[in-house]
Amino acid sequence: MSDKPWAGRFTQPTDKFVEEFTASIAFDQRMYRYDIQGSIAHARMLARQRIIAESDAEQIVAGLEAILADIEAGNFEFKVSLEDIHMNIEARLIERIGPVGGKLHTARSRNDQVALDVRLYLRDELQEIGGYLDRLQEALLTQAEANLAVIMPGYTHLQTAQPVLFAHHLLAYYEMFQRDAGRLADVARRLNVLPLGAGALAGTTFPIDREFVAEQLGFGGVTRNSLDSVSDRDFALEFCAAGSILMMHLSRLSEELILWSSADFDFIELTDAFCTGSSIMPQKKNPDVPELVRGKTGRVYGNLVALLTLMKSLPLAYNKDMQEDKEPLFDTIDTVKGSLKIFADMIAQLQVKAENMRVAAARGFSTATDVADYVVRKGLPFRQAHEVVGKTVRYCIEHGKDIPELRLDEFRQFSDLIDADIYDYVTLDASVNARRATGGTAREAVEREIARARAERRG
Ligand code: ARG
């Protein structure tokens, strides 16, 4: 006798390899808690609607709770012959409480069941991911506050451009992660509707109460079309898309941490706990964590593309193809969560080499724009000012001098609009602090943004 709930129509056993090939239990078992949670809500509704007896529902709920405890204690054998988490739990229920367990699947299909389980599971994971993202943002803010006096070179084309506060640079990432948090909240909001009740595809002939189930499971509402309910995986796609953007941000921060911790930049030091050594070169301390996170960004993009490709052109409603949604989704969850967790700690422990940053910021004529702005304020059109400073920089290069080192008569070769007060504008601090408008790098502007972020976080 077959142990499969659907064996009735079949005369021959499933080929062993086909059984393994088609099974999802190896990876969908992680949804066991949500499968049970959904089944309990369903059983209670069935009794409330008098579709099954109250006493039957009580036995079913007690049986499911016992199974949950068994799984949690490691006393549950997941069977490949039972294909997936749904049938494994249902078969065990019937084994435990007898034929009455077979009433649980009334007015339900695995198609709406799996859609429910994935939503419930992802909803909880989104909460956890949000928590880690929040910790990372907190670490960035704390580092920004602790390093408000630190000036670093700002770059375009990775060439020294203008000096900026290191805190300002960190807060750029704070902003990116704030948008990521918004995108994840969006996924959670759209995900939060109950698909159960769609049956296999067309709805059910039983007088179910979907709103009651939705309320018990904390959903904001119910899906409105049974065909869409069982074939929609937009929520998984949206999460993978939001996760890809988030990983893209982490990969950019990774890249900067890798550059900054190289001997050539030497702006920061990652604590030993986040690095490894080389088996041949004793001097090496490799930034493995940011390198791996940068690399893992690729697999998260891959998961998004896999899921998009999986769903492309699928006819309505459920297709077995869709069982392939889980591994890319689960891998994205694990990767994003792990990357955020490790980054939160790594950023919190970051050691900043303020003096090296300041020395680098002074190289590359980083205050040239400030000289141009100075002569513009004295009435010269910006294009001409650009020309004046271009010549000044060339003179500096030829004479091995930096802009603040020029004597007044040297400055005045290029424009007689330049007076002694030029020296108040060409220092690193003056350059940074002149950029006071909202979103600029001046210390007061950065302090305002930190205060705003702090207030935002207090809610
Ligand atoms: N394991 C299946 C999946 O993950 C559950 C739904 C199966 N439905 C079916 N009609 N075979 O998609």
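Figured I'd write up the structure that's included with this text. Just so it is clear, the structure is predicted and the values come from calculations on it, not from any experiment.

## Notes on the overall build of the protein
What the protein contains, in helices and strands, is 18 helices and six strands. For the protein, whose C-alpha radius of gyration is 31 Å, the value lies well above the compact-globule estimate of 23 Å for 459 residues. If you line up the protein on its principal axes, its C-alpha atoms span 100 × 50 × 40 Å. Of all 459 residues assigned to the protein, the portion counted as buried reaches 49%. Once local pairs closer than 6 in sequence are excluded, the contacts in the protein between residues at least 24 apart make up 75%. Just so you have it, the protein exposes about 21,900 Å², and 53% of that area is on carbon and sulfur atoms. Across the protein, the 54 positively charged side chains and the 68 negatively charged ones have centroids separated by 2 Å.

## Points about helix α14 (residues 368–377)
For α14, every residue scored as buried is listed here: A368, D370, V371, A372, Y374 and V375. Where α14 is buried, its residues meet α15 (382–399) and α17 (428–433). Looking one or two residues beyond α14, the residue adopting positive phi is G379, at roughly 115°.

## Looking at the packing of aromatic side chains
If you walk through the whole model with that rule in mind, you get 11 aromatic pairs. Ring geometry for F76 against F78: centres 4.9 Å apart, planes inclined by 50°, an arrangement best described as tilted. Judged by relative accessible area, which is 12%, F76 ranks as buried. Counting every residue linked through ring pairs, the aromatic cluster contains Y34, Y121 and F330. The ring of F10 has R9 lying over it, and the distance from NZ or CZ to the ring centre is 6.0 Å.

## Some remarks on the environment of T106
Note that T106 resides in the loop between α5 (85–97) and α6 (110–146). The class for T106 is buried, based on a relative accessible area of 18%. Separated by 38 residues in sequence, T106 and A144 have C-alpha atoms that sit 57 Å apart. Excluding its chain neighbours within four sequence positions, the residues that come into contact with T106 are H42, L46, I51, I52 and F206.

## Focus: helix α3 (residues 32–48)
Its 17 residues give α3 an end-to-end C-alpha distance of 24 Å, which sits within 8% of 24 Å, the value for a rise of 1.5 Å per residue. Of all 17 residues in α3, 13 are buried, a share of seventy percent or more. Once α3 ends, the next one or two residues include R50, with phi positive near 60°.

The rules behind these values
- Residues numbered from 1 in each chain as written.
- Predicted model: local features only at pLDDT ≥ 70, side-chain atom pairs only at ≥ 80, totals over all residues.
- Heavy atoms only, no water.
- Helix = DSSP H or I, 4+ residues; strand = E, 2+ residues; numbered from the N terminus.
- Rg over C-alpha atoms; globule rule 2.2 N^0.38 Å.
- Buried < 20%, exposed > 50% of the residue type's maximum accessible area, 1.4 Å probe, protein only.
- Contact = heavy atoms within 4.5 Å.
- Areas by Shrake-Rupley, 256 points an atom, 1.4 Å probe, with all protein chains shown as cover.
- Lys, Arg positive; Asp, Glu negative; His and termini not counted.
- Charge placed at Lys NZ, Arg CZ, Asp CG, Glu CD.
- Phe/Tyr/Trp six-rings, centres within 6.5 Å; stacked < 30°, edge-to-face > 60°.
- Lys NZ or Arg CZ within 6 Å of the ring centre and 35° of its normal.
- Expected span 1.5 Å × (residues − 1).

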